[in-house]
Structure formats: C-alpha cells, structure tokens
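# Descriptive analysis of the structure
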Amino acid sequence: MAHTLSSRVLLPLLVMVFASSLATAAQYNVLSYGAKPDGITDSTTAFLAAWAQACSSISPSTIYAPPGRFYLRNVEFKGPCKNNAIVVRIDGTLLAPTDYRVIGSAGNWISFQNVDGVTVSGGILDGHGSGLWDCKQSGKNCPSGATTLGFSNSKNIAISRLTSLNSQMFHIVINGCSNVKIQGVRVTASGNSPNTDGIHVQLSSNVTILNSKIGTGDDCVSIGAGTTNLWIENVVCGPGHGISIGSLAKDLDEPGVRNVTVKTITFIGTQNGLRIKSWGRPSNGFVRNVLFQHAVMINVQNPIVIDQNYCPDSRNCPGQASGVMISDVIYQDIKGTSATQIAVKFDCSKTFPCKGIKMEDVKLTYKNQPAGASCSNADGTTSGVIQPDSCLN
C-alpha cells in the first residue's frame, strides 16, 4: 500500500518538474550581449557570446535575434554542446559585409560545426554577394567567396522558414551531416551569379528538403559525393542550373551517391532540369537507386541529362572515360516544354555505360512538337507515353 501511494505521488511530481524545466528553458537575446539592430554596428561578438551561453547550458536553449538588421562578419558556432536542443530564432535580417574581401576567403559566412540538435528558424540572411560576382565576371583576381550558411560534421539539424539572399557562393551547404531537415526555405540570387548553388549536400545521410523555392545562378540543389538517403520534394527551381547529382569523379577515391528521391519539382526557365554529371576521369564512385518523379519543365534548355564527360576546364580533363558507375535511375511522370530540340541527353561513358535506366510516362515537347533525344552508351527500358521516342539501347 505504501509503495502504491508513493508511486501515485511521485509520478505527478516528475511531470511537474519536467514541465517546469521546459517553461524555464534558457533564452538568450542577442541584444543582451551588445548586438545592435542598426545594420552598421558589428554584432559578431554578441552572437558568439549568446552561442557560448546556449551551448554551455544543460537545458534546451534559444538564441533570439529580434526584428532589425544585424551586421556580422564570418562567425563560427562550434560544438559539441552540453544540450542537444538549441534553437536559433531569427526575426530580423543578418547582413554580411558589403566589402566582399572581409569574408571572401573565410569559406563560410555563418557556420555550425560539430553540433547536435540545432534548429535555425526564420529570418533573412543577406550575403551581399553582388560585389564578388562582379569581380569574378571582370576576370580580376578575386577570393573564391563564402558560403552563407554551412553545417559540417553535425546531426539532427533543422532549417526552416529561412530566406537566403545574394550569397557570395553557395547559399546552404550540408557537409558530413546526418538527419537534416530543410523546409520552407527561399533562396534568391541573380540568374547570372557564379557558383551560387542553392543547397549543396555532400558526405551526408538522411537529408530531406521540402516545400522550398530556389532561384539562383547555379544548381538549385547540388548533390555531391557521399550523399545517401536524400529526399527532395515540392521544390520550385528557377532561375538556375536545375537539380544536379555531381559533379562527380573529381577524385579517384570517391564515395558514391545512392538512394536519392527527387519528386514534385517545377523547373522554370532553367539551364537544366534533372541532371547527373561526372568528369571524364578515372574514379571508383557510383550513382545508383535514383528516382526522379513528377516533374514539370517550363521552357527548360536541357530537361533530362546524364553527362559523363563534363569538363568545365579543359586543363583538368585528360579525355579519359569517366569511372563513375551509373545504374538504376528512374524517370517517372516528367512533363513539359524544352527550350531546345533535344530534350533528353544520355552521354554515358563508353568504358562504364549507364545501366538500368527506366523512363516511364515522359512527355516533353519543343515548339508544340515532340522533342528529340540523344543517347550514347545507355541501356534501359521505357513504358507508358514516351515523347521523345526512346533512344535507349
């Protein structure tokens, strides 16, 4: 009887303690650490001080950037932390330096390293990248540029309702991470801005990208070596270079890409639609188990592309066959208009042909007529309505 009574008393007490701990979760307003929302005062130190407090707290923590404009130089939020529930809530705008040289060689403007359970929610990140773009296009000696937001060697990450404007280089990079969810993100940069990929994923597993709109000067989403279990759904892409797996075969010893799903995508006026690309170099890399499903192409120059002879710089292309093995790729329910007569291009390696390519219900037109197709060293099957006529072996 005494044991039963103590249990009845203890359980409600534990619930009250847990609820109390949630109610008193640590909150750190960057204004309290000296940040100024005037767009001029350097608030880097204040943000780092708020991070230090949140990271050292044993309770769930929130770092809060209220409405206003906060100027930041490159800032590194490093873990591991003492808790795995840190929310960075941004209601204002974070501004990179207008002088691209300040952060142009830093690699990242805002980066998180070795963290677990971090959420970045809301806000605008303005990378002020146009000065660097102009420098690059002028042919001058320029820094490579900084990624706006990078996560590396981290897990259980969420990015939601974030807007990235005018990044110097890539907007968002996920590198060496696991269990990442990106949703409700908006990426905007000029269509001629160089190397401004919207979201880049590499060496990472279990990454999800949902309900986002990406318009930029390079790939809307680029998928690098070592990416596994990637899910991309309900994304609008344009302007940009499409959604690309690659470039691969940059290195001889390179991890493969597998289990990628890209579905319910709208491409508007992009250079490419669904693309897989690898350099013409020896490599032990691979691409397999890829599903491209439910895509709409609107005036896309190259709607469906596999290019195993990709070569942006002839000095680095010895003319060898790509060693990347591409297999088990499905194109399902792909419809719309091509801006060029050849809408499907499979340019695969003669030494390592593409295998297991499946096309189901593909209908692409050029000037109100069925578009054309070009295939080299590609083996596969077709079913359903196929326009252009299949050129698979």
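Please read these numbers as outputs of a predicted model, since none were measured by experiment. (Residues numbered from 1 in each chain as written. Predicted model: local features only at pLDDT ≥ 70, side-chain atom pairs only at ≥ 80, totals over all residues. Heavy atoms only, no water.)

Looking now at the overall build of the protein. Counting its regular elements, the protein contains three helices and 31 strands. Here the C-alpha atoms of the protein give a radius of gyration of 24 Å, agreeing with the 21 Å that 2.2 N^0.38 yields for 393 residues. For the protein, the spread of C-alpha atoms along the principal axes amounts to about 75 × 70 × 40 Å. Burial statistics for the protein: of 393 residues in total, 49% are counted as buried. Partitioning the intrachain contacts of the protein with sequence separation of at least 6 by distance along the chain shows that 74% fall at a separation of at least 24. Across the protein, the centroid of the 30 positively charged side chains sits 4 Å from that of the 24 negatively charged ones. (Helix = DSSP H or I, 4+ residues; strand = E, 2+ residues; numbered from the N terminus. Rg over C-alpha atoms; globule rule 2.2 N^0.38 Å. Buried < 20%, exposed > 50% of the residue type's maximum accessible area, 1.4 Å probe, protein only. Contact = heavy atoms within 4.5 Å. Lys, Arg positive; Asp, Glu negative; His and termini not counted. Charge placed at Lys NZ, Arg CZ, Asp CG, Glu CD.)

Here the UniProt feature "active site" (unreviewed entry) sits at His241. Within the fold, histidine 241 resides in the loop between strand 20 (228–237) and strand 21 (243–248). Residue histidine 241 is classed as buried on the basis of its relative accessible area, which comes to 18%. Each residue touching histidine 241, except ones within four places of it in the same chain, is listed here: Gly217, Asp218, Asp219, Gln271, Asn272 and Arg275. (UniProt positions renumbered as here; feature names shortened; annotations may be inferred.)

As a further point, take the packing of aromatic side chains. Per the counting criterion, the structure on display carries eight aromatic pairs. Aromatic pair phenylalanine 77 and phenylalanine 112: ring centres 4.9 Å apart, planes at 35 degrees, arrangement tilted. Separated by 35 residues along the polypeptide, phenylalanine 77 in strand 5 (residues 75–78) and phenylalanine 112 in strand 8 (residues 108–113) bring together distant segments of the chain. Owing to a relative accessible area of 7%, phenylalanine 77 belongs among the buried residues under this scheme. Look at phenylalanine 112 and you get buried, because its relative accessible area is 2%. Note on tyrosine 331 and phenylalanine 346: the rings are 5.8 Å apart at their centroids and 35 degrees apart in plane angle, and the pair reads as tilted. One end of the pair, tyrosine 331, is in strand 26 (residues 325–338); the other, phenylalanine 346, is in strand 27 (residues 342–347), and 15 residues separate them in sequence. (Phe/Tyr/Trp six-rings, centres within 6.5 Å; stacked < 30°, edge-to-face > 60°.)

The step from glycine 238 to proline 239 runs through a cis peptide bond, and the omega angle for that step is -5 degrees. The topology assignment puts proline 239 in the loop between strand 20 and strand 21. With omega at 15 degrees, the peptide bond leading from glycine 246 into serine 247 counts as cis. Examined against the element boundaries, serine 247 turns out to sit in strand 21. With a phi angle near 50 degrees, asparagine 153 is a residue other than glycine that sits in the positive phi range.

Next up on the list: the sheet that holds strand 30 (residues 372–376). Strand order across the open sheet formed by 11 strands is 5-8-11-14-17-19-21-23-25-27-30, with parallel pairing between neighbours. Looking at which strands have only one partner, the edges of the open sheet turn out to be strand 5 and strand 30. Across the sheet, the mean angle from the axis of one strand to that of its neighbour is 15 degrees, orientation sign disregarded. In terms of strand pairing, strand 27 meets strand 30 through five bridges, oriented parallel. Opposite phenylalanine 346, over in strand 30, you have cysteine 375 as the bridge partner. The sheet strands contacting helix 2 (residues 44–56) are strand 5 and strand 8, and the helix crosses strand 5 at an angle near 5 degrees. (Pairing = 2+ DSSP bridges. Axes fitted to C-alpha atoms, helices over the stretch in contact; angles between N-to-C directions.)

Here we take up the pairing of strand 21. Most of strand 21 is tucked away, with six of its six residues classed as buried. As judged from the three bridges shared by strand 19 (residues 221–223) and strand 21, these two strands associate in the parallel manner. Among the inter-strand pairings, isoleucine 223 is bridged to a residue of strand 21, identified as isoleucine 245. Pairing of strand 21 with strand 23 (residues 272–279), which is carried by four bridges, proceeds in the parallel orientation. Its bridge partner being in strand 23, leucine 248 is matched across the sheet by serine 278.

Further remarks concern the state of the cysteines. Per the stated rule, a full pass over the model turns up five disulfides. With a sulfur-sulfur separation of 1.9 Å, cysteine 135 is cross-linked through a disulfide to cysteine 142. Here the S-S torsion is close to -100 degrees, and the disulfide linking cysteine 135 with cysteine 142 is therefore left-handed. Residue cysteine 135 is classed as buried on the basis of its relative accessible area of 5%. A sulfur-sulfur distance of 2.0 Å marks the disulfide that ties cysteine 348 to cysteine 354. Taking the torsion about the sulfur-sulfur bond, which here is approximately -100 degrees, the covalent link between cysteine 348 and cysteine 354 counts as left-handed. For cysteine 354, a relative accessible area of 0% puts it in the buried group. (Disulfide = S-S within 2.5 Å.)

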